[in-house]
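Residue-level structural notes
If you want the building blocks of each chain, they are given just below.
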Amino acid sequence: MTQTEILVIGGGPAGLRAAAAAAELGAQVLLIEEMDWLGGQLVKQTHKFFGSKEQYASRRGIDIARVLAEELDNHDRVTVWTGAPVLGIYEDGVVTAQKDNRHVKIRPRRIIVATGAAEKVLPFPNNDLPGIYGAGAVQTLMNLHGVLPGRRVLMVGAGNIGLIVSYQLLQAGVEVAAVIEGAPRIGGYLVHASKIRRAGVPILTRYTIKEALGRDMVTGAVIQQLDDHWQPVPGTEQTLEVDVICLAVGLTPLADLLWQAGCEMRFIPELGGHVPCRNHLLETTRPGIYVAGDVSGVEEASAAMVEGRLAGLAAARSLGYGGPEAESCIENALEQLHGLRSGPAGDKIRSGLKKLLGEEGAVC
Amino acid sequence: MEMRITEHPIVQFNRGLKVKFTFDGRELEGYEGEPIAAALHAAGVKILGHSPRHHRPRGFYCAIGNCSSCLMVVNGEPNVRVCVEKLQEGMIVETQQGKGVIK
Ligand SMILES: Cc1cc2nc3c(=O)[nH]c(=O)nc-3n(C[C@H](O)[C@H](O)[C@H](O)COP(=O)(O)OP(=O)(O)OC[C@H]3O[C@@H](n4cnc5c(N)ncnc54)[C@H](O)[C@@H]3O)c2cc1C
Ligand code: FES
């Protein structure tokens, strides 16, 4: 049985920041990441990020991942396991993981779950054909392994992910037939939309996919216009010849471990689906289990980093580390989060959090 | 069409050694350490198996080991997620029939 004071599950921006913050206050930390590399979603992001300077704005995601991982090298209180999926969190507080093909047990005093989010799928006929991939999968194949997903792509979803991945496809030399979006407006930032429009790719709003064509793999897609009530308009079908259909229809918290641990969950659409109830310091209804990043509500890397820091500080303080210095660090992190979420871009998150936490920020 | 990216404006790919492996008896090439699914895709193989009940063709979907859409038999072992399993010299990769048989 491996002992540790704080166990961080997930090595994305939230988990990396959580581990660094807890170690900074003096706690001993074990961080476990399923993949062979650290950085989570960031390692696939070749574009420059928005956000404030504290969160490394205007640097590329891949570079931010490197900086965050290197930060941990300065902390000798942090141990990192990569290539090790965490399998379960049990009633007695024991956590199990797979490491070097063995089943290992860990007994932590506090747990921070920072497992990120999973991609949603969309129901339509033939949506299971080879050639239909999540946007994240296309990014992984293309930006991490250097293999093109196909020749010509239909992108479904014009949020930031759909727009950015379309641009990355163009950069890699793949043709994008169109980006379609069911809503009447483009969801992502207009800078990203303009870049792909300038490259000649049409962005069709109020459009959905009616079906995928093909027997063994995708050979085309039928798209169709939607009316004001999201109902398909007969006679507006168009057939596109594509060999890849890429779904960028949103993310949902990857919360299996929290469900299994018995944390209370609530369905909040603004936060991406079922999210864990927690207090303003990110502790769930199961004492000693904290959450941070997309698993606590799908947002952005900037917020994930600050939440990670907050959870790391709060968990370390609850073990008696940090003294008065911890208080001011926590206040500072709370202020930063508040700042990130103010303004029109934070509307959705604010309304979701209000449903989850109530006006006072208490556990729901 | 060449599926491997050789020149990219931002990313540099550090590929491992070139290795040989077989897919349903056919000899293919890939790079050591890359996911088996990436090597297959680069070789033009998109259909990785068929669903157990309705025999619908299956390709990868999530590419990070979360969805189980890409299960194959590797070196005799069934239900291997080839989107995360690393390619090694001489691997025997086969299409899985049904739920697979543990030997
Ligand atoms: C295309 C795209 C573009 C984006 N652009 C921006 C942008 O411009 N600006 C911005 O701020 N944000 C952007 N984001 C969002 C940002 O990447 C995410 O919000 C952020 O990565 C969330 O961080 P996280 O640490 O919560 O989760 P993740 O980055 O998803 O990390 C979670 C980690 O946990 C690991 N894990 C999961 N389950 C387990 C387990 N059981 N055991 C062990 N490890 C596990 C995963 O392997 C992963 O490494 C973008 C996202 C995408 C997909
Ligand atoms: S494609 Fe999802 S597990 Fe392999």
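Residues numbered from 1 in each chain as written. Chains lettered and ligands numbered in written order. Predicted model: local features only at pLDDT ≥ 70, side-chain atom pairs only at ≥ 80, totals over all residues. Heavy atoms only, no water.

Among the structural elements, Glu307 of chain A can be located in helix H7 (residues 301-318). Separated by 2.8 Å, the side chains of Glu307 of chain A and Arg341 of chain A make a polar contact. (Helix = DSSP H or I, 4+ residues; strand = E, 2+ residues; numbered from the N terminus. Polar contact = N/O pair within 3.5 Å; in protein donor to acceptor, adjacent residues only side chain to side chain.)

What follows is about the domain arrangement of chain A. Residues and elements named next belong to chain A. Assigned domains within chain A: domain 1 (2-118 + 251-363) and domain 2 (121-247). With 10 residues of domain 1 at the interface, the matching set in domain 2 holds 13 residues. With both sides pooled, the region where domain 1 packs onto domain 2 buries about 930 Å², and carbon together with sulfur makes up 62% of that total. One can count 4 residue pairs in polar contact (both at pLDDT 80 or more) joining domain 1 with domain 2. (Domains from an automatic or database assignment. Contact = heavy atoms within 4.5 Å. Buried area = accessible area lost by both parts, 1.4 Å probe.)

This next bit is on the side chain of His41 of chain B. Structurally, His41 of chain B can be placed in helix H1 (residues 36-42). Engagement of the side chain of His41 of chain B in a polar contact is seen with the backbone oxygen of Pro149 of chain A, the distance being 2.9 Å. Not counting residues within four places of it along the chain, the set of residues in contact with His41 of chain B comprises Tyr133, Leu141, Val147, Leu148, Pro149 and Gly150 of chain A together with Met3, Lys46 and Phe60 of chain B.

We now examine the packing of helix H1 (residues 13-24) of chain A against helix H2 (residues 61-73) of chain A. All names here are of chain A. Their axes nearest at 9 Å, the elements H1 and H2 cross at an angle of 25 degrees. Classed by the angle they form, the pair H1 and H2 counts as roughly parallel. Helix-helix and strand crossings are classified by hand; for H1 and H2 the assignment is left-handed. From H1, Pro13, Leu16, Arg17, Ala19 and Ala20 reach across to H2, where they touch Leu68, Ala69, Glu71 and Leu72. Of the residues that constitute the contact of H1 with H2, the class distribution is 7 nonpolar, no polar and 2 charged. (Axes fitted to C-alpha atoms, helices over the stretch in contact; angles between N-to-C directions. Parallel < 35°, antiparallel > 145°, perpendicular 65-115°, else oblique. Left-handed = near helix turned anticlockwise from the far one by under 90°. Nonpolar A, V, L, I, M, F, W, Y, C, P; charged D, E, K, R; others polar.)

The next thing to look at is the sheet that holds strand S14 (residues 238-240) of chain A. Residue and element names in this part refer to chain A. Taking strand neighbours across the sheet as the criterion, the 3 strands line up as S12-S13-S14 in an open arrangement whose pairing is antiparallel. The open sheet is flanked by strand S12 (207-213) and S14, the only strands paired with a single partner. Taken pair by pair, the neighbouring strands of this sheet meet at an average axis angle of 30 degrees, ignoring direction. (Pairing = 2+ DSSP bridges.)

Residues and elements named next belong to chain A. In the vicinity of ligand 1 there are 33 residues, among which Glu33, Gln41, Val86, Asp294 and Ala301 approach most closely. Note that an oxygen atom of ligand 1 is positioned 2.9 Å from one of the backbone N or O atoms of Gln41. Within the contact set of ligand 1, an oxygen atom lies 3.0 Å away from a backbone nitrogen or oxygen of Ala301. Coverage of ligand 1 by the protein chains reaches 93% of its 1000 Å² of free accessible surface. For the shell around ligand 1, the elements supplying multiple residues, two or more each, are H1, helix H4 (160-171) and H7. Sort the elements by how many residues they give to the shell around ligand 1 and H7 lands first, with 3 residues. Class assignment for the residues of the shell around ligand 1 results in 16 nonpolar, 12 polar and 5 charged. Domain assignment of the residues forming the shell around ligand 1 places at least three in each of domain 1 (2-118 + 251-363) and domain 2 (121-247). (Near = heavy atom within 4 Å. Areas by Shrake-Rupley, 256 points an atom, 1.4 Å probe, with all protein chains shown as cover.)

Take the interface of chain A and chain B next. At the interface, 38 residues of chain A touch 29 residues of chain B. Of the roughly 2900 Å² buried between chain A and chain B on both sides combined, carbon and sulfur atoms contribute 61%. In terms of surface lost to chain B, no three residues of chain A exceed Asp128, Tyr133 and Leu148 of chain A, which account for 17% of the buried area on that side. For Lys86 of chain B, the salt bridge identified is with Asp36 of chain A, shortest N-O distance 2.5 Å. The interface formed by chain A and chain B holds 11 residue pairs in polar contact (both at pLDDT 80 or more) in total. When residues of the side of chain A that touches chain B are traced back to their parent elements, those giving at least two are strand S8 (132-134), helix H3 (135-144) and strand S15 (244-247) of chain A. Sorting elements by how many residues they give to the side of chain A that touches chain B places H3 of chain A first, with 6 residues. (Salt bridge = Lys/Arg side-chain N within 4 Å of Asp/Glu carboxyl O.)

Below, the discussion takes up the nonpolar core. Leu169 of chain A together with Leu40 of chain B are the most contacted members of the largest nonpolar core, which has 52 residues in total. The next biggest cluster of nonpolar side chains, apart from the first, holds 47 residues, and it includes Val8, Leu68, Leu282 and Met305 of chain A. (Core = buried A, V, L, I, M, F, W, Y, C linked by side-chain atoms within 4.5 Å. Buried < 20%, exposed > 50% of the residue type's maximum accessible area, 1.4 Å probe, protein only.)

Attention now goes to the sheet that holds strand S11 (residues 203-205) of chain A. Residue and element names in this part refer to chain A. What the 5 strands build is an open sheet, ordered S8-S15-S9-S10-S11; its pairing is parallel. Each end of this open sheet is capped by a strand with a single partner; those strands are S8 and S11. Within this sheet the neighbouring strands show an average axis-to-axis angle of 20 degrees, counted without direction. Direction of pairing for strand S9 (residues 152-156) relative to strand S10 (residues 175-181): parallel, over a ladder of 5 bridges. Residue pairing across strands places Arg152 opposite Glu175, the latter belonging to S10.

This next bit is on the packing of H7 of chain A against helix H8 (residues 323-341) of chain A. Residues and elements named next belong to chain A. With their axes 9 Å apart at the nearest point, H7 and H8 run at an angle of 155 degrees to one another. Taken together, the axes of H7 and H8 are roughly antiparallel relative to one another. H8 is crossed by H7, and the crossing has left-handed handedness. Across the interface between the two elements, Ser302, Ala303, Val306, Glu307, Arg309, Leu310, Leu313, Ala314 and Arg317 of H7 pack against Ala326, Glu327, Cys329, Ile330, Ala333, Leu334, Gln336, Leu337, Leu340 and Arg341 of H8. Partitioning the contact of H7 with H8 into residue classes produces 12 nonpolar, 2 polar and 5 charged.

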